[in-house]
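Residue-level structure breakdown
Next come the chains, spelled out residue by residue.
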Amino acid sequence: MRSEWSVQVRTFLVRVRPKGGGTGDTQLQTSARDIFREEENMAVAEESWTKKYLGEVLGVFVLVFLGDSFVAYAVSGGKNGFLAGLLAAGFFWGFAVTLAIYACGAVSGAHLNPAVTLALALRRGFPWSKVPGYIGAQVVGAFLAAAGVSFVWNGLIYNYEHTAKPVIDRGGANGIESGLIFSANWPHPLLIGHNAAALQQDPWWVGAGTEIIITAILVITVLGIIEDRIPSAANVAPLAIGIVVAALVGLFAPIEMASLNPARDFGPRLWMLVIGYGSNAIPGPNFNIWVTTLMPLVGGPLGAYIYDMIVHQHLPVPVGPDVPEPAPERARARTT
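First things first, this report covers the structure right here in the doc. (Residues numbered from 1 in each chain as written. Predicted model: local features only at pLDDT ≥ 70, side-chain atom pairs only at ≥ 80, totals over all residues. Heavy atoms only, no water.)

1. Focus: the overall build of the protein
The helix and strand inventory of the protein stands at 14 helices and zero strands. Walking the protein from its N terminus toward its C terminus, one meets helices and strands in the order α-α-α-α-α-α-α-α-α-α-α-α-α-α. A burial count over the protein gives 46% of its 336 residues as buried. At a minimum sequence separation of 6, the contacts of the protein that also span at least 24 residues come to 74%. Split by element, the accessible area of the protein, about 16500 Å² in all, is 68% carbon and sulfur. (Helix = DSSP H or I, 4+ residues; strand = E, 2+ residues; numbered from the N terminus. Buried < 20%, exposed > 50% of the residue type's maximum accessible area, 1.4 Å probe, protein only. Contact = heavy atoms within 4.5 Å. Areas by Shrake-Rupley, 256 points an atom, 1.4 Å probe, with all protein chains shown as cover.)

Put into structure tokens, the structure is as follows:
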């Protein structure tokens with residue numbers, strides 16, 4: 001659809017067209033075509049970014065829906081569920097990441113994670129103007145996924161909450177014992193607890209430091225897997241990244257549930273507000289949102305800087321007729 005601005009331009013060109021045609025008329029027609037063509041190109045570009053945003057919504061939905069579905073089963077499925085174990089949780093989260101990348105990677109690049117988006121903006125020339133859109137799309141996808149988990153697993157979750165001793169009150173002191181189905185938490189509410197004694201066993205600096213370290217490891221390995229200076233099979237990358245996530249979640253979830261992803265944590269917290277968790281959602285017990293949502297935003301860029309300093313800058317720059325010229329932003333990232 002033409003914008004009002006283009007209609008005004010067309011009207012102006014018609015009004016000033018010289019009588020009798022001639023060179024001036026031809027130049028004005030050419031200018032009009034150029035303006036309209038430029039506007040169409042801008043519209044196509046904007047449509048392309050819209051598709052990327054929707055791709056991120058889809059990818060994060062797949063990721064969080066599958067991952068949280070396993071947690072819902074593990075937590076509310078009684079002994080049979082919890083015996084699935086944290087290593088199995090790691091496997092399912094890794095599997096979810098792999099499928100999410102396959103689902104939207106061709107459209108949006110499958111960032112799926114604000115920490116990754118921020119790292120790519122800082123070190124790989126991803127447009128800063130698109131960062132809010134990507135992060136917003138990721139949070140929306142996670143919110144919708146949490147709503148989907150609540151819908152699909154509602155019966156099992158309800159039974160778990162109302163057969164627990166004492167009964168779980170979503171907005172009460174023990175509400176996080178079912179709330180952990182949706183969001184990450186520090187400390188792990190079921191393994192370590194969520195009272196003052198738990199904080200002595202797992203102080204804030206352990207949770208925050210763990211989240212920074214494992215998110216940095218995630219970004220380091222992701223950048224290594226997708227490294228453009230080393231030929232690799234693109235279709236294998238989602239599987240490799242999924243394995244990394246599986247290892248990190250399986251090993252570090254006992255500490256603070258291994259968030260790794262601010263959108264995966266914050267989006268479901270918004271849904272938790274809708275279904276009655278109150279302050280157990282935001283800011284969470286012991287204000288744990290700052291550990292599980294904010295610390296990955298520190299770890300992601302840190303991991304990117306470490307990778308570039310130790311690995312990326314020392315790799316040979318690819319050359320040859322089939323290698324495209326790197327964008328200026330990426331060229332700067334390689335030399336800084």
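2. Things to note about the nonpolar core
Counting 44 residues, the largest nonpolar core has Leu63, Leu112, Ile181, Phe182, Leu218 and Val249 as its most contacted members. When contributions to this core are tallied by element, the ones reaching two or more residues are helix 2 (23-76), helix 4 (85-108), helix 6 (131-152), helix 7 (154-163), helix 10 (204-225), helix 11 (237-256) and helix 12 (262-274). Here this core takes seven residues from helix 2, the largest share from any one element. Ignoring any residue separated from it by four or fewer positions in sequence, one finds leucine 63 in contact with Trp93, Ala96, Val97, Ala100, Leu112 and Asn261. The next biggest cluster of nonpolar side chains, apart from the first, holds 16 residues, and it includes Tyr53, Val116, Val131 and Tyr134. (Core = buried A, V, L, I, M, F, W, Y, C linked by side-chain atoms within 4.5 Å.)

3. Focus: the packing of helix 6 against helix 12
Where helix 6 meets helix 12, the closest approach of the two axes is 7 Å, and the angle between their N-to-C directions is 50 degrees. Between helix 6 and helix 12, the angle falls in the class oblique. Between helix 6 and helix 12 lies a crossing of right-handed hand. Of helix 12, the residues touching helix 6 (which contributes Gln138, Val139, Ala142, Phe143, Ala146, Ala147 and Ser150) are Ala263, Arg264, Phe266, Gly267, Pro268, Leu270, Trp271 and Val274. Taken together, the residues that form the contact of helix 6 with helix 12 break down as 11 nonpolar, three polar and one charged. (Axes fitted to C-alpha atoms, helices over the stretch in contact; angles between N-to-C directions. Parallel < 35°, antiparallel > 145°, perpendicular 65-115°, else oblique. Left-handed = near helix turned anticlockwise from the far one by under 90°. Nonpolar A, V, L, I, M, F, W, Y, C, P; charged D, E, K, R; others polar.)

4. Thoughts on helix 5 (residues 114-123)
Most of helix 5 is tucked away, with eight of its 10 residues classed as buried. Listed in full, the buried residues belonging to helix 5 are Pro114, Ala115, Val116, Thr117, Ala119, Leu120, Ala121 and Arg123. One side-chain oxygen of the residue at the start of helix 5 lies 2.8 Å from the amide nitrogen of alanine 115, identifying that residue as asparagine 113. (Polar contact = N/O pair within 3.5 Å; in protein donor to acceptor, adjacent residues only side chain to side chain.)

5. Details of the side chain of glutamate 227
Mapped onto the elements, glutamate 227 comes out in the loop between helix 10 and helix 11. What makes glutamate 227 buried here is its relative accessible area of 4%. With sequence-adjacent residues up to four places away left out, glutamate 227 is seen in contact with Tyr307, His312 and Leu315.

6. Considering the packing of aromatic side chains
In this structure the tally under the stated criterion is 11 aromatic pairs. With a centroid separation of 5.7 Å and an interplanar angle of 80 degrees, the aromatic rings of phenylalanine 143 and tryptophan 271 are classed as edge-to-face. Separated by 128 residues along the polypeptide, phenylalanine 143 in helix 6 and tryptophan 271 in helix 12 bring together distant segments of the chain. You can call phenylalanine 143 partly exposed: its relative accessible area is 26%. By relative accessible area, tryptophan 271 is classed as buried at 17%. Measuring from ring centre to ring centre gives 6.3 Å for phenylalanine 182 and tyrosine 277, while their planes differ by 65 degrees; the resulting arrangement is edge-to-face. Residue phenylalanine 182 is found in the loop between helix 8 (176-179) and helix 9 (196-201), and its partner tyrosine 277 is found in the loop between helix 12 and helix 13 (289-310); the two are separated by 95 residues along the sequence. (Phe/Tyr/Trp six-rings, centres within 6.5 Å; stacked < 30°, edge-to-face > 60°.)

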